[in-house]
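Understanding the architecture of this molecule
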Amino acid sequence: NPDGSEDATFNPCKGANNVVIEAVVQPDGKTLVAGSFTKFNATPRGGIARLNPDGSLDAGFAVGAGADAGVGVLALQPDGRVVIAGYFTTYDGVPRRCLARLNADGSLDTSFDPGSGADSVVRAVALQPDGRVLIAGLFTEYDGVARRHVARVNADGSLDSSFDPGVGPSHQVTDMALQPDGKLVIGGAFSTIGGVPRGRFARLEADGSLD
């Protein structure tokens, strides 16, 4: 409640059987939750679930087998589809390495195909108004192409070659924020960007180069 007391009208019962890492509230009041859990309220939900406004599990959001490992990032598109990222390798049995997009009902959106995807954890996602998706994390490749810790993918999941950070950050990027002008603010464990000193915080141009 606004005064900090528990809202007794929101009751997830048993809740998740492991860590919840992120939550996003939809415009309709339902809440998407993601993490390293395999069940929510004793019902199988691999890494992602949706709750009704009262906290109960939304059975209409059916993920099948879901993610085979943790989901750490959620990004809700205006059309109701959901971009997820983390350290999983499959979603509902289909290969999706660290990045996938779901339909509004929780099923895998097969029109978004990242190929071999990121070669390591994706820790942050930012959605552009044009449908392209910025990703950041510990990875150094995306679909077999060198992209050191930050990349941009097209609306169909393919790598956007027009965004090229070159040598890029010296270590992982853990968070980012997209400015209205298209520039990207990043933070993480890096000390340089393309060899230029930038102590764990920097801004990139819309093409991926250092600002």
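Our structure's up above, just so we're on the same page.
I will try to describe carefully the structure that is included in this document. If you're wondering where the values come from, they're calculated on a predicted model, not measured in any experiment.

1. Here we look at the overall build of the chain
Along the chain, the regular secondary structure elements total 0 helices and 20 strands. Computed over C-alpha atoms, the radius of gyration of the chain comes to 18 Å, within 12% of the 17 Å expected from 2.2 N^0.38 for 211 residues, which places it in the range of a compact globule. Principal axes of the C-alpha set define a box for the chain whose edges measure 50 × 40 × 30 Å. Going through the 211 residues of the chain one by one, you find that 43% of them count as buried. Look at the contacts in the chain between residues 6 or more apart in sequence, and 34% of them connect residues 24 or more apart. Of the roughly 9400 Å² of accessible surface on the chain, a fraction of 52% belongs to carbon and sulfur atoms. Between the averaged position of the 18 positive side-chain charges in the chain and that of its 25 negative side-chain charges there is a distance of 4 Å.

2. Here we look at the sheet that holds strand 20 (residues 201–204)
On the basis of which strands lie adjacent, the open sheet formed by 3 strands has the order 16-17-20 and antiparallel pairing. Looking along the sheet, the strands with just one partner apiece sit at the ends: strand 16 (173–178) and strand 20. Going across the sheet, the axis of each strand differs from the next one's by a mean of 25 degrees, ignoring polarity. Here strand 17 (residues 184–188) pairs with strand 20 via 4 bridges, running antiparallel. Directly across from Gly187, in strand 20, lies its bridge partner Phe201.

3. Points about unusual backbone geometry
For Ala42, which is not a glycine, the phi torsion comes out positive at approximately 70 degrees. Summarising the element assignment, Ala42 is placed in the loop between strand 3 (39–40) and strand 4 (43–44). Unusually for a residue other than glycine, Asp143 sits at a positive phi of about 50 degrees. A relative accessible area of 37% means that Asp143 is categorised as partly exposed.

4. Considerations on the nonpolar core
Counting 17 residues, the largest nonpolar core has Leu99, Val122, Val125, Ile135 and Tyr142 as the members making the most contacts within it. Every element with two or more residues in this core is listed here: strand 6 (71–76), strand 7 (82–86), strand 11 (122–127), strand 12 (133–137) and strand 15 (150–153). Setting aside residues no more than four positions away along its own chain, Tyr142 makes contact with Leu99, Pro114, Gly117, Ala118, Ile135, Val153, Gly157, Ser158 and Leu159. Counting residues in hydrophobic clusters, the runner-up holds 16 residues, among them Ile48, Val82, Tyr91 and Leu102.

5. Notes on the pairing of strand 16
Regular strands place side chains that alternate from one sheet face to the opposite one. Two strands pair when backbone bridges link them, and strand 16 and strand 17 are joined in this way by 5 bridges, in the antiparallel orientation. Paired with Met176 across the two strands is Ile186, which belongs to strand 17. The loop that links strand 16 with its antiparallel partner strand 17 comprises 5 residues; one of these, Gly182, has a positive phi angle of about 95 degrees.

6. A look at the packing of aromatic side chains
All told, the structure shown has 1 aromatic pair when counted by the stated rule. Aromatic pair Phe37 and Phe40: ring centres 6.2 Å apart, planes at 70 degrees, arrangement edge-to-face.

Thresholds, definitions, all that
- The written sequence of each chain sets the order in which its residues are numbered from 1.
- Thresholds applied to this predicted model are a pLDDT of at least 70 for local features of residues and 80 or more for the giving and counting of side-chain atom pairs; totals over whole chains, interfaces and linings are not thresholded and use all residues.
- With hydrogens and water stripped out, all remaining heavy atoms of the structure feed into the side-chain values.
- Helix numbers and strand numbers start at the N terminus; a helix is a DSSP run of H or I with at least 4 residues, a strand a run of E with at least 2.
- In this treatment the radius of gyration is a C-alpha quantity, and the globule benchmark scales as 2.2 Å times the residue count to the 0.38 power.
- Each residue is assigned to one of three classes by its accessible area relative to the maximum for its type, calculated with a 1.4 Å probe on protein chains only: buried under 20%, partly exposed between the two thresholds, exposed over 50%.
- In what follows, residue pairs with any heavy atoms lying within 4.5 Å of each other are defined as contacts.
- A 1.4 Å probe and the Shrake-Rupley method give the accessible areas. Residues count as covered only by the protein chains that appear here.
- In this tally Asp and Glu are treated as negative and Lys and Arg as positive; neither His nor the chain ends contributes.
- We put the charge of a Lys on NZ, of an Arg on CZ, of an Asp on CG and of a Glu on CD.
- Two strands qualify as a pair provided DSSP detects at least 2 bridges between them.
- The angle between two axes is taken between their N-to-C directions and runs from 0 to 180 degrees, where each axis is a line fitted to C-alpha atoms and a helix contributes only its stretch in contact.
- For the purposes of this section, nonpolar cores are sets of buried Ala, Val, Leu, Ile, Met, Phe, Trp, Tyr and Cys residues that join through side-chain atoms within 4.5 Å.
- The aromatic pairing rule takes the rings of Phe, Tyr and Trp, using the six-membered ring of Trp, and pairs them if the centres are within 6.5 Å, calling planes under 30 degrees apart stacked, those over 60 edge-to-face and the rest tilted.

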